[in-house]
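Each chain, written out:
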Amino acid sequence: SKSEPGRLRGETMSSRERVLATLNHEEPDRVPLDMGATIMSGIMAHALDRLRKHLGLPRRPVKVYEVFQMLGEVEMDVVDRLGIDVLPVEPPVQFFGLRRERWKPWKLWDGTDVLVPGQFDVEVDAEGNWLLHSEGDPARPVEGRMPEDGFYFDMASMTDTHLDYEPPPVEEVRKENLITEEELEFLAARAETLRRETDKALLLGCWGWVGLPWTGSIPDFLCLMALDRAYVKDLFSVRTETALKNLEKFKRYLGENIDILGLDGTDYGAQNNELFAPELFEELYLPFFKQQNDWVHRNTSWKTWQHTCGSVTRIIPMLIATGLDILNPVQTSAAGMDPAWLKSEFGSKITFWGGGVDTQKTLPFASPEEVAGEVAERVRLFAPGGGFVFNTIHNIQQATPPQNIVAAYDTARTFGRYPIREQR
């Protein structure tokens, strides 16, 4: 089915050329596609297992490479079949201190056979919940909890509210989040291999090493922002110092072997509104994100990628002001996030990575024909002039029918050929 390695019949550009063109707001031969380039643009292991079977690909258990959201590793046979253009360069550890190595068989609640990291081990409590300890060590505290018949782990450190929460001294934070030589060598080797063996664009997911993460749980930090902005500014200043040191190391170790830098994965919006006043984002976040974006653009050829769910219409102009290149997941189901308005208002200033089909309603519950219709409409709205990478709105969920996934990606790949037609 290929005219030459890395290209589907009728395509004139390599995947990397295609992605870089659209990130420069030029029209490539077709809209680039992503599935699995980040932990916010992937697919759950259950759904990926069914997709592989539906596509008639070799039968083997899916690797659950990200345990928190139970995401499956998208292997190259799926990449080739769907025409995916971006691959991940991800760290060896994602959540709960579990290293992606020594894979072992496991069964999910629905009976799906998967592979999990060797450290993955759960205990089952009296209510039937799965409890996951840090690094799989029962002597360590429980960090994750999945309800019986559930799909994800809840992380108490992210969601619990502590009325007596005391943030750590800033000087202690200064010592955290510096990347190690071992981690750098892992990422460098992965990027070098993918650059040599594929024609794909490469996205470095460096969550926690750059960006502006919170301290305490999300509710704790939202309270802290309201009550002690001076501390938050000091915290962000220190985190940015660390981020700039890490960025220098990324440049030295990875250089031209990556194309896109995953800057931050924090959510700033909910279904109906921003999580906090946009004025707070402008005061607290904008200056420090701008420092990091400016460093990347002064010192590398990389494009910067940032994730935020929800309704963020009043924050998008501030993200653009920081120098950000790419916004994900473009949650068009949230209040005010109308695709036509987003493209008209911001389409020449930022790349939309996502927004291709709704994962809350359409993709899991509509017919393949309805899925194809929504995808064609999103391509028609977002794709003209470049600046659009097709991806579902956040990760593909557990119950999604495989025929709907195929309909979405096949439509994006075929209808997304430039020049974009007015009607499908």
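Everything in this summary refers to the structure shown in the same document. These numbers were taken from a predicted model, which means no experiment stands behind them.

### Some words on the state of the cysteines
Then, in step 1: The final tally for this structure, using the stated rule, is 0 disulfides.
Then, in step 2: Considering cysteine sulfurs only, Cys 309 is the nearest to Cys 206, which forms no disulfide, with 18 Å between them.
Then, in step 3: Residue class for Cys 206 comes out buried when judged on its relative accessible area of 0%.
Then, in step 4: A residue is classified by how much of its surface remains accessible, and Cys 309, at 13% relative accessible area, is buried.

### Focus on the sheet that holds strand S4 (residues 71–72)
Then, in step 1: Judged by pairing direction, the sheet is mixed, and its 4 strands sit side by side in the order S4-S3-S7-S6 without closing on themselves. Looking at which strands have only one partner, the edges of the open sheet turn out to be S4 and strand S6 (104–107).
Then, in step 2: Those strands touched by helix H2 (residues 45–55) are strand S3 (62–66), S4 and strand S7 (113–116), and its axis lies near 150° from that of S3.

### Section: the sheet that holds strand S14 (residues 303–307)
Then, in step 1: The strand order across the open sheet built from 7 strands is S5-S12-S13-S14-S15-S16-S17, with neighbouring strands paired in parallel fashion. Both edges of this open sheet fall to strand S5 (86–89) and strand S17 (388–389), since each of them pairs with a single strand only.
Then, in step 2: Pairing analysis gives 3 bridges linking S14 to strand S15 (residues 326–328), with the strands arranged parallel. Note that in S15 the partner of Trp 305 across the bridge is Ile 326.

### Quick look at the environment of Pro 329
Then, in step 1: The topology assignment puts Pro 329 in the loop between S15 and helix H11 (339–346).
Then, in step 2: Once the C-alpha coordinates of Pro 329 and Met 44 are considered, the two residues, 285 residues apart in sequence, prove to be 16 Å apart.
Then, in step 3: With residues up to four places along the chain from it excluded, the contact list for Pro 329 reads His 307, Thr 308, Cys 309, Trp 353, Gly 354, Gly 355, Ile 393 and His 394.

### A word on helix H1 (residues 15–23)
Then, in step 1: Considered for burial, the residues of H1 that qualify are Ser 15, Arg 18, Val 19, Ala 21, Thr 22 and Leu 23.
Then, in step 2: After H1 finishes, the residue His 25 shows a positive phi value of roughly 60°.

### Re the packing of aromatic side chains
Then, in step 1: What the rule picks out here adds up to 25 aromatic pairs.
Then, in step 2: Ring centres of Tyr 268 and Tyr 285 lie 5.1 Å apart, and the angle between their planes is 75°; on these two criteria the pair is classed as edge-to-face. A residue pair is termed long-range when its members are at least 10 positions apart, and Tyr 268 in the loop between strand S13 (260–264) and helix H9 (278–299) and Tyr 285 in helix H9 qualify at 17 residues.
Then, in step 3: Among the aromatic residues, those joined into a ring-pair cluster are Phe 68, Phe 95, Phe 96, Trp 106, Trp 109, Phe 120, Trp 130 and Phe 153.

Cut-offs used in this document
Residues numbered from 1 in each chain as written. Predicted model: local features only at pLDDT ≥ 70, side-chain atom pairs only at ≥ 80, totals over all residues. Heavy atoms only, no water. Disulfide = S-S within 2.5 Å. Buried < 20%, exposed > 50% of the residue type's maximum accessible area, 1.4 Å probe, protein only. Pairing = 2+ DSSP bridges. Helix = DSSP H or I, 4+ residues; strand = E, 2+ residues; numbered from the N terminus. Contact = heavy atoms within 4.5 Å. Axes fitted to C-alpha atoms, helices over the stretch in contact; angles between N-to-C directions. Phe/Tyr/Trp six-rings, centres within 6.5 Å; stacked < 30°, edge-to-face > 60°.

So far we have only geometry, and geometry alone does not tell us how the molecule works.
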